[in-house]
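Listed below, chain by chain, are the residues.
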Amino acid sequence: MKKLLAYFTILVLITSMMIVNAGLGMAAASIKVILNGQELRFDVDPIIIDGRTMVPIRGICEPLGLTLQWHPKNGTFVLLREKSVITHQVGTNIINIDGKTRIYDVKSLIVNGRTLVSLRMISEAVGLDVIWDHDTQTVNIASMSKPAKPVSEARIMGIVVGSYELRIGDDINEVQSRIGKAGRIDQVAADISAYVFNSDYDKFSLLLVKDKQVIGIYALGNNLKTLGGRENDFRYFKDGNDGDAVYAIACPSNIRFSFGHEDKDLIVIEKQIFDITNAFRAFHNKAILSFSEKASNVARLHCEDMANKDYFDHESLDGRSPWDRAKAGGINAFGENISAGNPDAISAMHGWINSSGHRSNILSSQFRGLGVGGAYSDSSTFRYYYTQLFL
């Protein structure tokens, strides 16, 4: 009877509604777009895909002073502004500006009969920048004319983690001489590495490094403090199930800590999810979970199944439950979280933390081990899929 009751309790937790906070499932009406102090209104609400705000192309062109022409024969929009000619073919992530090609990370798509394009792509085509305020779910379109900060000023921005300071512009070798060597170094792009400081989850940090200099910081723990910069230079990660308590801070505010979707990229994301899970548990004085390769294999297979067959559910299309899949993999599992549409570990974890059922799994004192899996399919609805399997 006790075993049956425990099974039922965990089942209730894992079948709660998943919040997809960086895919087509986001509550699009909450996203505001501001230009010159005025909120823009669209006939189709903005949505977020892979961390990018998508808006109707016709709705954004007029406020930006662009004349729009549609060429149905080749599915191409031509945007005219003064002497500039901008072209974009629907369904691609490419824009041509006066003969020069730029490639972005999200393709345009059609929703409810409207073509949605990356707001950043169109704004940058006319020399404007896009600034995202996560807390208010607001996008501000601003001029790019501000001069770049000198290195000496950029170095001021950083985060205090425990007894040490981490700053943008720091030399990574100097950082390691102060706080100890990174527990792991992940290659996240051709010229960018992620240094993971996970020997003490009470002071967890993740540093992006290019040419031996720190270009991005993510820190999770108690009593975090910001250094220098402006308020919008930092992103504050708040726990909506704990009175909006700040559990992590990142800077710069728009930085991403993993890139791409090849198998090697997904393995990096899986490892980051595992580390952030344990750092969040340490933040709440919970025991650290051990890593399970078998559970990771089971989790990864479920992600691949969801991605390849384009569904999102704890139950496989062939009717298998998480417990069935775990048993087939030679393990006993007691909880599962799934996520879809998030392009990196930090956004996936933030969605789980702000969903009470998934957060309960992450912080459960009943669990002792964890496996993490990930998968990607460009032809599926949400593209990115992740699974946490708790033992």
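Procedures and definitions
Residues numbered from 1 in each chain as written. Predicted model: local features only at pLDDT ≥ 70, side-chain atom pairs only at ≥ 80, totals over all residues. Heavy atoms only, no water. Helix = DSSP H or I, 4+ residues; strand = E, 2+ residues; numbered from the N terminus. Buried < 20%, exposed > 50% of the residue type's maximum accessible area, 1.4 Å probe, protein only. Contact = heavy atoms within 4.5 Å. Areas by Shrake-Rupley, 256 points an atom, 1.4 Å probe, with all protein chains shown as cover. Axes fitted to C-alpha atoms, helices over the stretch in contact; angles between N-to-C directions. Parallel < 35°, antiparallel > 145°, perpendicular 65-115°, else oblique. Pairing = 2+ DSSP bridges. Nonpolar A, V, L, I, M, F, W, Y, C, P; charged D, E, K, R; others polar. Salt bridge = Lys/Arg side-chain N within 4 Å of Asp/Glu carboxyl O. Polar contact = N/O pair within 3.5 Å; in protein donor to acceptor, adjacent residues only side chain to side chain. Arc of directions from axis to C-beta.

Colleague: Help me understand the overall build of the chain in this model?
Modeller: Each helix and strand in the chain was counted, giving 10 helices and 26 strands. By residue count, 52% of the 391 residues in the chain fall in the buried class. Counting contacts in the chain only where the partners sit at least 6 residues apart, residues at least 24 apart contribute 57% of the total. Looking at the chain as shown, the accessible area adds up to about 18400 Å², and 51% of this sits on carbon and sulfur atoms.

Colleague: Looking at this structure, I do not really get the environment of Gly330. What am I missing?
Modeller: Residue position: Gly330 is located in the loop between helix 8 (322–328) and strand 24 (335–340). In this structure Gly330 comes out as exposed when scored by relative accessible area, which is 54%. Sequence spacing of Gly330 and Lys294 is 36 residues, and the spatial spacing of their C-alpha atoms is 7.5 Å.

Colleague: I would appreciate a short explanation of the packing of helix 9 (residues 345–353) against helix 10 (residues 356–363) in the present structure.
Modeller: Each packed pair of helices is defined by two parameters, the angle between the axes and the distance between the axes. Helix 10 packs onto helix 9 with a crossing angle of 105° between their chain directions and a minimal axis gap of 6 Å. One element, helix 9, and the other, helix 10, form an angle in the roughly perpendicular class. Contact residues: Met349, Trp352 and Ile353 in helix 9; His358, Arg359 and Ile362 in helix 10.

Colleague: Help me out: how do you make sense of the sheet that holds strand 9 (residues 100–103) in this one?
Modeller: Sheet strands associate in pairs through backbone hydrogen bonding, adopting either a parallel or an antiparallel arrangement. Taken in spatial order, the 5 strands of this open sheet run 5-6-7-8-9, and their pairing is antiparallel. Looking at strand neighbours, the two that pair on one side only are strand 5 (67–71) and strand 9, the edges of this open sheet. Neighbour to neighbour, the strand axes of the sheet diverge by 20° on average, direction disregarded. In the sheet, strand 6 (residues 76–81) pairs with strand 7 (residues 84–89) via 6 bridges, with the strands oriented antiparallel. Within the sheet, the bridge partner assigned to Arg81 lies in strand 7 and is Ser84.

Colleague: Could you clarify how one ought to interpret the packing of helix 6 (residues 263–283) against helix 10 in this entry?
Modeller: Put simply, helix 6 and helix 10 touch, their axes get as near as 9 Å, and they point 85° apart. By the angle class used here, helix 6 and helix 10 are roughly perpendicular. Every residue of helix 10 that contacts helix 6 at Thr277, Phe280 and Arg281 is listed here: Arg359, Ile362 and Leu363. For the contact of helix 6 with helix 10, the per-class residue count stands at 3 nonpolar, 1 polar and 2 charged.

Colleague: Any chance you could explain the pattern of salt bridges here in plain terms?
Modeller: Side chains that carry opposite charge are capable of pairing whenever their charged atoms lie near each other. A full pass over the atoms with the stated rule returns 16 salt bridges. Taking the shortest distance from any N to any O, the salt bridge between Arg114 and Asp43 comes out at 2.7 Å. Separated by 71 residues along the polypeptide, Arg114 in strand 11 (residues 114–118) and Asp43 in the loop between strand 2 (38–39) and strand 3 (47–49) bring together distant segments of the chain. One salt bridge in this structure joins Asp170 and Arg178, with 3.5 Å as the shortest N-O distance. Because the salt bridges share partners, they merge into one network encompassing Asp170, Glu174 and Arg178.

Colleague: Can you walk me through the pairing of strand 11 in this structure?
Modeller: Consecutive side chains along a regular strand alternate between the two faces of the sheet. Counting buried residues along strand 11, 4 of its 5 residues qualify, which places the element largely inside the surrounding structure. The pairing of strand 4 (residues 52–56) with strand 11 spans 3 bridges and is antiparallel. Residue pairing in the sheet places Pro56 in a bridge with Leu116 of strand 11. Bridge count for strand 10 (residues 109–111) against strand 11 is 3 bridges, and the pairing is antiparallel. Bridging across to strand 11, Leu109 finds its partner in Leu116. The turn linking strand 10 back onto strand 11 is made up of 2 residues, and Asn112 within it adopts a positive phi angle of 50°.

Colleague: Even after reading the chapter, I still don't get the side chain of Asn198, so can you show me in this structure?
Modeller: Here Asn198 is to be found in the loop between strand 17 (192–197) and strand 18 (203–210). Using a relative accessible area of 16% as the deciding quantity, one classes Asn198 as buried. A distance of 3.3 Å separates a polar atom in the side chain of Asn198 from a polar atom in the side chain of Asp275. Each residue touching Asn198, except ones within four places of it in the same chain, is listed here: Gly183, Arg184, Phe204 and Asp275.

Colleague: Mind showing me how you'd approach helix 5 (residues 172–179) here?
Modeller: Since the α-helix advances by 3.6 residues per turn, residues separated by three or four positions end up pointing in the same direction. Within helix 5, burial applies to Ile172, Val175 and Gln176. All buried residues of helix 5 lie within an arc of 95° about the axis, which places them on one face of the element. Considering only its buried residues, helix 5 is in contact with strand 15 (164–167), strand 17, strand 18 and strand 19 (213–221). Capping the start of helix 5, Asp171 holds a side-chain oxygen 2.9 Å from the backbone nitrogen of Asn173, two or three residues further along. Downstream of helix 5 by a residue or two, Gly180 has a phi angle that is positive, lying close to 100°.

That is the geometry; function is a separate question.
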